[in-house]
Structure formats: C-alpha cells, structure tokens
Amino acid sequence: MMGFDLIFGPSVERGPKDRTIYLTFDDGPNERATPAILGTLATARVPASFFMVGDHVRRFPSLARRVVSEGHFVGNHTHNHVKLHFASRAKIQQQLEVAHRAIEWATARTPRAFRAPHGYRSPFLRPVARELGYTVFGWTFGVFDTERPGVEEIRRRVRTRLRPGAIVLLHDGDGYDPEGDRMQTADALPGIIEDGRAAGYAFGSLTELLGNHS
Ligand SMILES: [Zn+2]
C-alpha cells in the first residue's frame, strides 16, 4: 500500500494485505550484528531487506557484499545518515549519489530503493530519487530496538504489532556509529521469525514491492 503526500510524493509503507510480512534492517552494515542476522536468516530461509549507510558500506564492503550474495535486498539510506528535512537539494543529491556508488562498488548491485533516515523526507527527495530510479520506502511499524529495551521486549513488541502486509523496521547498525551495538536486535530475530510463522505469516522481500511509483 502506498502512502501519498502532495509535498513529499509517494512512499511504500505496507505490502498487499495478505499473510506476508517484510523484515527490514537499517543503518548497517555492522561487524557484529549483520553477520549474526544473516546467519539467522539463512538458517530460517527468510529473505530480508537492508537499507545501508554508504559510509558504513565503505568501511565494511565485504559485509555489504555478503548481504547481496545471500539473496537479500539492498537499499540506500544516505551516505552519513543525515536528516533530510532541512537539507538542500544539492546536499540530498550528494548524500544519495555517494551512497549509491558505495553500494554499487561494494556489491556490484545497483540499488533500486531508498529509505530516509528517521523517516524525515523533503520536497527535494522526490526528483532526486526519481533520477536514480528509486522506489521510496517507509515502514508500517518500528519497535524502537535502537533504544535496546531487551531481547525479549523487542520480540514482544514485534509480535504484538504484526499485521498483514507489515513492513517491519529493525536495525542491524547505528546510523552514526559504525561500532554501534545492535546485538539485542540480532538476538531477538530467531524469536521474531518463530512468532511470525506461528501466527501464519510468510516473509517477503521488498523486491516484490518495487514499482514505478515516481
Ligand atoms: Zn536509519
């Protein structure tokens, strides 16, 4: 389902309302949490989507490459995790293009999607995203896992908010600190997948929601 805003343009905030949910991880790659999350996803055979910070991709290119080689979807999340709402068009363009090139360099894959840090969009984002051929994604719900409320609490929050078509916002990194600790999220993931399956959901990739939204 698309949200549409006259100023900010369209963004995809939910999938079709069937029994599919979409796990997404922002702010990586991260040396500890990303491999742990990839291991869980591989064991459970679950696809996921990763919106990466270009600067972290430059720092950990082999992790970015691994995300793609294991079949997951990769999107652009700016180069330095800047809040876009007060940024100039030139700054937004630079942030998206530099991260775009970093992802292409590290993964040999051209990203086709963007998610704005903190969800702060800007009227300038739409034309820049369109030039790069991006679908802009939001999310259905987040669980404030960045505040590290505890592994079981992260799991509980996801379980209680799940609904058909939900795009779930989680974090495998810290947008500003490449060494940030996201192990609670990584440790919550096996339980999140178990709960989702127990509730009758399948896991989808945002690839399925790409479209000509611009
Ligand atoms: Zn972020």
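Numbers given to residues run from 1 along each chain, matching the order in which its sequence is written. Under the rules for a predicted model, residues below a pLDDT of 70 receive no local features and side-chain atom pairs below 80 are neither given nor counted, while totals for whole chains, interfaces and linings still include all residues. The side-chain figures draw on all heavy atoms in the structure; neither hydrogens nor water molecules are used.

**Side note on unusual backbone geometry**
Residue Pro 29 is reached from Gly 28 by a cis peptide bond, and omega for that bond is 0°. Only DSSP runs of H or I reaching four residues or more are called helices, and only runs of E reaching two or more are called strands; each is numbered from the N terminus. The residue Pro 29 is located in the loop between β3 (20–28) and α1 (33–44) in this model. The residue His 81 is not glycine, and still its phi comes out positive at about 60°. By secondary structure assignment, the location of His 81 is in the loop between β5 (73–76) and α4 (89–107). His 81 sits in the buried class, given a relative accessible area of 3%. One non-glycine residue with positive phi stands out, namely Ala 108, at about 60°. Take Ala 108: it is sitting in the loop between α4 and β6 (113–114). Classification of residues uses two cut-offs on accessible area relative to the type maximum, computed with a 1.4 Å probe and protein chains only: under 20% is buried, over 50% is exposed, and between them is partly exposed.

**Let's talk about helix α6 (residues 151–161)**
Ile 154, Arg 155, Arg 157 and Val 158 are the residues of α6 that are buried. For α6, the angular spread of the buried residues around the axis is 160°, confining them to a single face. Turned more than 90 degrees away from the buried face of α6 sit Glu 152 and Thr 160, all of them exposed. Looking at the packing, one finds that the buried side of α6 touches β8 (141–142), β9 (167–171) and α7 (183–198). Regarding the arc, it is the one traced by the directions from the helix axis to the C-beta atoms. We call two residues in contact when some of their heavy atoms are within 4.5 Å.

**Section: the environment of His 100**
Residue position: His 100 is located in helix α4. Owing to a relative accessible area of 10%, His 100 belongs among the buried residues under this scheme. Sequence separation between His 100 and Arg 112 is twelve residues; the distance between their C-alpha atoms is 9.2 Å. When sequence neighbours within four positions are dropped, the list of residues in contact with His 100 reads Asn 76, Thr 110, Pro 111, Leu 132 and Tyr 134. Here the side chain of His 100 touches Tyr 134 through a polar contact of 2.5 Å, side chain to side chain. Whenever a nitrogen or oxygen atom comes within 3.5 Å of another N or O atom, the pair is scored as a polar contact, on the condition that within protein one atom can donate a hydrogen and the other can accept it, and that pairs from neighbouring residues in sequence are kept only if both atoms are in side chains.

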